[in-house]
Amino acid sequence: MKNEFIKKIFFNNEKKLIFFSYLVIFTVIFYKLKNGIGNIWDWVFPYFQDSISNYFFIKYMAWTEVNLGSALSYSSDYFLRFFVSLTYFLGINPEHIIFIYLIVLFSIGSFGVYLIFRKYLTNFKSCILGMSVFLSPALFYNILGGFFNYYFSFVLFIYLIYFLLYYYKGTIRETVFVAIIFSFIGSQIQFFIISFIFIVIYFIFYKERFRKINAMLFIFIVLLINLPWISNFITGNASIENLSDKANEVSFQNSYQQDSLSIFSLVFSKATQIRRFYTLPYQLFFILFFVVSLFPLLFKDKDKLIFSSSLIVFFFLATGYFRNIKIPIIYLFYPIFRQVGHFSSIIIFLLFCIGTYNKKNKNMLNLYLFFAILFILMNSFMYINNYPITDFSKNRDKFLEFHNFNKLDQTTYRVLNYPFFNQYSFLYQNKTDRSGFLTSNSGYDSFSIYSGNDIINNYVPPHDFNKSIQYLFITVNNYSVESLKKYNIKYIYDLSEIYESNYERFVSKETYNNNLALIKNDPNFVKKIINNNGKKVTLVKPKIVRLNNFLSRIYSDGSSFKKLNPTKYKIYIENISSQQNLSFLESYHSGWKLYLQKNPTDEWCEPIEFYGNTNTTECEHNQRFFEGEEFSYLWKEPVFDGGHGKVYDYANGWTIDSEYIMENYSEEYYTENPDGSINVEMVLYFKPQSYFYLGLLISGMTLLGCVGYLLYTKMLERRHLGYPKVPERK
């Protein structure tokens, strides 16, 4: 089955020629992107080659250090980010990785569409339709929006449909193969639900292929492969409610809104103001396209009924009206579809499937193919002339000083970047303003996100503006760094000669008190910090300020600490004579636990910085993903858990009690000094990480088991009749 499936796709000279043609065509179409794409909407990617690994490492464990730290929420793109980060070893510049990624995925995706249509159309017609699906306003919408994972998931969705329609007969082996595809299809998380809906519709029409045991096996495999990031939800350390709130928080109202223009432009959402590109002539063309596509809507053929039914369901979801129907539990997932435009590519594909199934009426089919060719030409023009382009090489030059400085300081700290409030434009690059809406050069700070530093997030939701660290720093606290030290902020980077914020273009004037000075670059920003803080700060570079009295990530009188990874620290405290506080400046979470260690020692500590304000020493880090003892924390009892609470209204704090230790633990857990004080060694650990490790282990074993099963059955198949071939039209 799988062997035949792969052979039919790749080992055919005709198909090789088609695929190579797609590669050439998309290389030409995307050629302008060879120097970089992005800095608009959600586009974020490392600028420096040695930062590519951070594409994975910023969210690779159960705890992430983004902003002030948080438990890993949904990370369905976990494996995709891992494989993208491996390109670090190729030594290729990041802009070329994106360039190749787009060419290859669009070619593979178009080829998948070609294979679907090739079952009942000629080679040339199928080739045209393959390009039509991927040269559409919907995919342009996703390129403009920077939905990097979307293309990967959409391509897998195409091949899932191909396999289900032409190869799936209901065997266990085929079910395992479908489950593997489905497990990775959710790299863009919406595709879990999109694909599930399609599969349900598929089995409504192919009841004879449905088996309860296969359904259970399918669900079992998908859950186990995705167990690493799901584990935080299972253990309650992340919640669907919080995910829903967060998704709502970052949503723009227009993400759900649509009108006739946005529908006939085939994007369904006002969110990216795609109407600024697709004007009235395009609208008229797409109206005709709709009419021609829907003319043969209903057929007795099962495959076309599947397409028609799917189109109706996805069209309804794309309108956003589902938000008015509050179904218990399910409504919590609504914000995941905050961009209803994610359905648009699916709908266009289904329209092509329906519109071309008109074999008896050749004139109508030829008319439809004429529309498809116009579709390709119009959208190719739109792609080539309206990409959101940014020059990665120039960006590297701009950030080089900061990038090199990051490598000099190996301590654990956070950076506050100025200007504040996100929606950044490069000053050297023009902005495209279409009727008051920025359609290029206004996005996230990609450099800081992937710099390897822990940063204070400059994305501030409008309702949090007056409570934000940034706002309070420049207004209420009058640039006093005393307000920042509790956040473990060691440096302030002034990027105002590189960026400016466009925050005011996306929020109401009331949000920023109608005071643009809070948003726009202040040429005297660094000078104000220096003048208002005296010896509390040092200007280490013309645009880099160091806070001299900042608080270390962990501190307690007489302590030393060493970071092993984002979820694990070693701590040694000496001369504890009574009760004393231990503070950990990450967002409070009950999952952080302290564990006493036997035979305490600080021999592992090689000091790299001493903090006189708290009598704390930071030791050289030794990044370790796994040490082998982590599973034991599932049953070990933590210490001082009852006294675990908040400090500074956000961080973690414990009270360390020497008497309690001496009364409840044997002498092997502490060493007593001549004055009666004691020394202890502890591990500070995020306990849910143990479940994460368990999830990774189970996930890997499941994936290996599934692949092994497919290979084993393939070997057995060679001794028997091969899987029946699906006839193609000659």
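These numbers come from a predicted model, not from an experiment. (Residues numbered from 1 in each chain as written. Predicted model: local features only at pLDDT ≥ 70, side-chain atom pairs only at ≥ 80, totals over all residues. Heavy atoms only, no water.)

This part is about the confidence of the model for the protein chain. When pLDDT is averaged along the protein chain, the result is 88, and 87% of the positions lie at 70 or above. Between residues 247-257, whose pLDDT stays under 50, and residues either more than four places distant or in other chains, the model counts 35 contacts. Predicted confidence for residues 723-730 stays below pLDDT 50, and this span has 21 contacts to residues more than four positions away or in other chains. (pLDDT = per-residue confidence, 0-100. Contact = heavy atoms within 4.5 Å.)

The subject of this paragraph is the packing of helix α9 (residues 172-185) against helix α10 (residues 190-205). Running from N to C, α9 and α10 cross one another at 145°; their axes reach a closest spacing of 8 Å. Together, F182, S183 and I185 of α9 and F191, F192, S195, F196 and I199 of α10 make up the contact between the two elements. For the contact of α9 with α10, a count of residues per class yields six nonpolar, two polar and no charged. (Axes fitted to C-alpha atoms, helices over the stretch in contact; angles between N-to-C directions. Helix = DSSP H or I, 4+ residues; strand = E, 2+ residues; numbered from the N terminus. Nonpolar A, V, L, I, M, F, W, Y, C, P; charged D, E, K, R; others polar.)

Checked against the element boundaries, T617 lands in strand β18 (residues 616-619). On the accessibility criterion, T617 (15% relative accessible area) is buried. Contacts of T617, omitting those with residues within four sequence positions, involve S559, S560, F561, C605, P607, E609 and F610. (Buried < 20%, exposed > 50% of the residue type's maximum accessible area, 1.4 Å probe, protein only.)

With that settled, the discussion passes to the packing of aromatic side chains. A complete count under the given rule lists 92 aromatic pairs for this structure. Here F420 and F525 contribute two aromatic rings whose centre-to-centre distance is 5.9 Å and whose plane-to-plane angle is 85°, an arrangement assigned as edge-to-face. Here F420, found in the loop between β3 (414-418) and β4 (424-426), pairs with F525, found in helix α22 (residues 525-533); they are 105 residues apart in sequence, far enough to count as distant. In this structure, K119 is placed above the aromatic ring of Y166, and the distance from its NZ or CZ to the ring centre is 5.4 Å. (Phe/Tyr/Trp six-rings, centres within 6.5 Å; stacked < 30°, edge-to-face > 60°. Lys NZ or Arg CZ within 6 Å of the ring centre and 35° of its normal.)

Looking at the element boundaries, T390 is found in the loop between α18 (362-386) and α19 (392-406). Residues in contact with T390, not counting those within four places in the same chain, are N35, G36, I37, G38, N39, N395, F426, Y428 and Q429. A polar side-chain atom of T390 sits 3.2 Å from a polar atom in the side chain of N395. (Polar contact = N/O pair within 3.5 Å; in protein donor to acceptor, adjacent residues only side chain to side chain.)

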